[in-house]
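Here is how the chains run, residue by residue.
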Amino acid sequence: MAVQISPSILSADFSRLADEATRVEGVADWLHVDVMDNHFVPNLTLGLPIVESLLKTTSLPIDCHLMIESPDRWAPSYAEAGAGSVTIHAEAAKAPVRTLRAIRSAGARSGFALNPATPVDYYEDLLPEIDMLLVMTVEPGFGGQKFLDVVLPKLSRARALIEKYGGEVWLQVDGGVSAETIERCAEAGADVFVAGSAVYGAEDAAKAVRDLRALAAAAQQA
Ligand code: DX5
Ligand code: ZN
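- In the annotation of an unreviewed UniProt entry, the protein chain is listed under the name Ribulose-phosphate 3-epimerase and assigned to Microtetraspora fusca.
- According to the UniProt record, the Sequence similarities (unreviewed entry) comment for the protein chain is "Belongs to the ribulose-phosphate 3-epimerase family."
- One UniProt comment on the protein chain, placed under Function (unreviewed entry), says "Catalyzes the reversible epimerization of D-ribulose 5-phosphate to D-xylulose 5-phosphate."

Here's what the structure looks like:
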């Protein structure tokens, strides 16, 4: 399992997004973009026009995390725009099979996210439709929140389910991932790590990405 790091621009300077993306180019695997609509979550961030602009300026593939009320309506457009991965939330999607398939048909990887209180076992039959399962380790909506240890057993169960289906689905964690918590996530089976404040709150964002990757890789091998 290769470790992948996906810095979240939620903690970046929104007035200089292109420059902020550049800070992690060459070291990060993805650029994580949090789309929030002030309905599914209380916060409001950005939408398709800004993702389209970012796609023109960064060489990193974009990992779109849609925290919106109507992912069935909007997710395919992010994939058609060129996002490399588009993640919808279990709690918001009304037709997840159709939407996950639409994301794939538009050429992106299909992502499926679970809030901390949403069980993973319930969605086992959906795994063949999913390229990346996102297990949230905070309640979605804001950067800089405290990591929820309570989610770790679910992360391990998610890894076991993924292995049962051949091990090809990526397992992403998002929320409170830092040098203090990333090893526990890796040990529980995560292989794609989103980090907002731990990367963009650091003086040297590229170094923060490299350090996180080294910690996760070492923990995977332990
Ligand atoms: C939270 C977002 C995260 C956020 C994580 O709802 O989905 O991607 O940027 O921020 P940190 O890493 O600071 O917890
Ligand atoms: Zn996110």
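### Considerations on the sheet that holds strand 3 (residues 62–67)
Here is step 1 of the chain: Here 8 strands make up an open sheet; going across it, the order is 1-8-7-6-5-4-3-2 and the pairing parallel. A strand with exactly one partner marks an edge of an open sheet, and here the two such strands are strand 1 (4–7) and strand 2 (31–36). Each adjacent strand pair in this sheet contributes to an overall mean axis angle of 25°, direction not counted.
Here is step 2 of the chain: One ladder, built from 4 bridges, connects strand 5 (residues 109–114) with strand 6 (residues 132–136); its direction is parallel. Within strand 6, the position partnered with Phe112 by the bridge is Leu133.
Here is step 3 of the chain: Across the sheet, helix 3 (residues 71–81) lies against strand 2, strand 3 and strand 4 (85–89), angled at about 170° from strand 4, the strand it touches most.
Here is step 4 of the chain: Across the face of the sheet, helix 5 (residues 152–164) comes into contact with strand 5, strand 6 and strand 7 (170–174) while running at roughly 165° to strand 7.

### Examining the site of ligand 1
Here is step 1 of the chain: The environment of ligand 1 is formed by 20 residues, the closest being Ser8, Gly141, Asp174, Gly176 and Ser197.
Here is step 2 of the chain: In the environment of ligand 1, an oxygen atom lies 2.8 Å from a nitrogen or oxygen atom belonging to the backbone of Gly144.
Here is step 3 of the chain: One of the side-chain nitrogen or oxygen atoms of Asp174 is found 2.8 Å away from an oxygen atom of ligand 1.
Here is step 4 of the chain: When ligand 1 is considered free in solution it has 380 Å² of accessible area, and contact with the protein chains removes 100% of it.
Here is step 5 of the chain: According to the grid-proximity analysis, the pocket containing ligand 1 is the largest cavity.

### Considerations on the coordination of the zinc ion (ligand 2)
Here is step 1 of the chain: Protein coordination at the zinc ion (ligand 2) comes from His32 (NE2), Asp34 (OD), His65 (ND1) and Asp174 (OD), with a distance range of 2.0 to 2.3 Å.
Here is step 2 of the chain: One chain supplies every donor for the zinc ion (ligand 2), spaced along it as H-x1-D-x30-H-x108-D. Placement of Asp34 in strand 2 and of Asp174 in strand 7 is noted, with a sequence separation of 140 residues between them. The same class applies to Asp34 as to Asp174, namely buried.

### Digging into the UniProt feature "active site" (unreviewed entry) in the protein chain
Here is step 1 of the chain: Look at the UniProt record and you will see "active site" (unreviewed entry) annotated at Asp34 and Asp174. Spanning 141 residues, the named residues form one tight spatial group whose C-alpha atoms are at most 10.6 Å apart. The subset of these annotated residues that lines the largest cavity comprises Asp34 and Asp174.
Here is step 2 of the chain: Excluding its chain neighbours within four sequence positions, the residues that come into contact with Asp34 are Ser8, Leu10, Thr45, Leu46, His65, Met67 and Asp174.
Here is step 3 of the chain: Among the polar contacts listed, one links the side chain of Asp34 to the side chain of His32, at a separation of 2.9 Å.
Here is step 4 of the chain: Overall, the relative accessible area of 9% leaves Asp174 in the buried class.
Here is step 5 of the chain: For Asp174, the contacting residues outside a window of four places in its chain are His32, Asp34, His65, Leu134, Val135, Met136, Thr137, Val138 and Val194.
Here is step 6 of the chain: Of the polar contacts made by the side chain of Asp174, one reaches the side chain of His32; its length is 3.2 Å.

Rules behind the numbers
Residues numbered from 1 in each chain as written. Chains lettered and ligands numbered in written order. Predicted model: local features only at pLDDT ≥ 70, side-chain atom pairs only at ≥ 80, totals over all residues. Heavy atoms only, no water. UniProt positions renumbered as here; feature names shortened; annotations may be inferred. Pairing = 2+ DSSP bridges. Helix = DSSP H or I, 4+ residues; strand = E, 2+ residues; numbered from the N terminus. Axes fitted to C-alpha atoms, helices over the stretch in contact; angles between N-to-C directions. Contact = heavy atoms within 4.5 Å. Near = heavy atom within 4 Å. Polar contact = N/O pair within 3.5 Å; in protein donor to acceptor, adjacent residues only side chain to side chain. Areas by Shrake-Rupley, 256 points an atom, 1.4 Å probe, with all protein chains shown as cover. 1 Å grid on protein atoms, 1.4 Å probe; cavity = no way out; pocket = protein on both sides within 12 Å on 5 of 7 lines; lining within 4 Å. Sits in = over half its atoms within 2 Å of the grid points. Donors = N, O, S within 2.8 Å, 3.2 Å for Na, K, Ca; no water. Buried < 20%, exposed > 50% of the residue type's maximum accessible area, 1.4 Å probe, protein only.

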